[in-house]
Amino acid sequence: MAERTVRRQARGLKRMAEILDAAESVIAEVGYPDMTTNQVAARAGMSPGSLYQFFRNKEEILDGLVSRYTDDRQEFWAARLAVVTPDIPVETLVGQLVDESVKFKTESPAYWSLLHGTTTGDRLATASQRLHEDIVRHLAAMLLRRSPGLPEERALLTGTMMLALVKAVMPMVTTASPERGAELVAELKSMLIRYLT
């Protein structure tokens, strides 16, 4: 009986992950405001009734995605923070962060759609704000590890500005030709390095 329960739970978790994958795909194409649970169900290869066993509405899907992104980014930041010391060159730090952001943007376009979702409704604005605050906290922690004497308020403000720069440039990078995208990434790195030094 216990083994059957474990298998059922594992299948349920796998199905939830498939639904969230499908939702990511739909959001990347049409945006969260225009996403419907029927579209997500179709993309996940299930009936809407089956989807509702896991998520009652699109807001619960949004909550699931935000939780997924938060957990995923926690792992990313934990790994990055572990290697940050006062000796790490700012160029190395910025280079790694920007390159990872570009990679993540390519792999998770719905994340960036949600991150920019501040003007499309209260629910999405709240989710977007949670993602913003999480990133800024991690950037501030990274800056404090590199510069232990930095006041926390300054680290948070700097993290906020770093995120704003990345958010402003990233859409241009992803819609540009590969050559132009590389130029924009190099310029973003240069701007961040100058800002941090």
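Rules used throughout
Residues numbered from 1 in each chain as written. Predicted model: local features only at pLDDT ≥ 70, side-chain atom pairs only at ≥ 80, totals over all residues. Heavy atoms only, no water. Helix = DSSP H or I, 4+ residues; strand = E, 2+ residues; numbered from the N terminus. Buried < 20%, exposed > 50% of the residue type's maximum accessible area, 1.4 Å probe, protein only. Contact = heavy atoms within 4.5 Å. 1 Å grid on protein atoms, 1.4 Å probe; cavity = no way out; pocket = protein on both sides within 12 Å on 5 of 7 lines; lining within 4 Å. Points joined across faces, edges and corners; volume = space filled by probe spheres on them. Nonpolar A, V, L, I, M, F, W, Y, C, P; charged D, E, K, R; others polar.

When helices and strands are tallied, the chain shows nine helices and zero strands. In the chain, the order of α-helices and β-strands from amino to carboxyl end is α-α-α-α-α-α-α-α-α. Seen along its three principal axes, the alpha-carbon backbone of the chain occupies a region of about 55 × 40 × 30 Å. Burial statistics for the chain: of 197 residues in total, 41% are counted as buried. Put simply, 65% of the contacts in the chain that link residues at least 6 apart link residues at least 24 apart.

Looking at the largest pocket, its volume works out to about 170 Å³. Contributing to the lining of the largest pocket are V90, L93, L143, R146, S147, L150, R154, T158, Y195, L196 and T197. Where the lining of the largest pocket is concerned, the elements lending two or more residues are α5 (90–107), α7 (122–146), α8 (152–175) and α9 (178–196). Considering only residue class, the lining of the largest pocket consists of six nonpolar, three polar and two charged.

Now for empty space enclosed by the protein. All chains considered together, the criterion is met by two cavities of 30 Å³ or more. Quantified by volume, the largest cavity comes out at close to 260 Å³. The wall of the largest cavity is formed by 17 residues, among which W77, L97, S101, I135 and L139 lie closest to the centre. Elements with a minimum of two residues in the lining of the largest cavity: α4 (58–83), α5, α6 (109–115), α7 and α8. For the lining of the largest cavity, the leading source of residues is α5, giving six residues. The residue makeup of the lining of the largest cavity, split by class, is 14 nonpolar, one polar and two charged. Here the second largest cavity defines a volume of roughly 40 Å³. Looking at the lining of the second largest cavity, the elements that each hand over two or more residues are α4 and α5. Of all the elements, α5 adds the most residues to the lining of the second largest cavity, at three residues.

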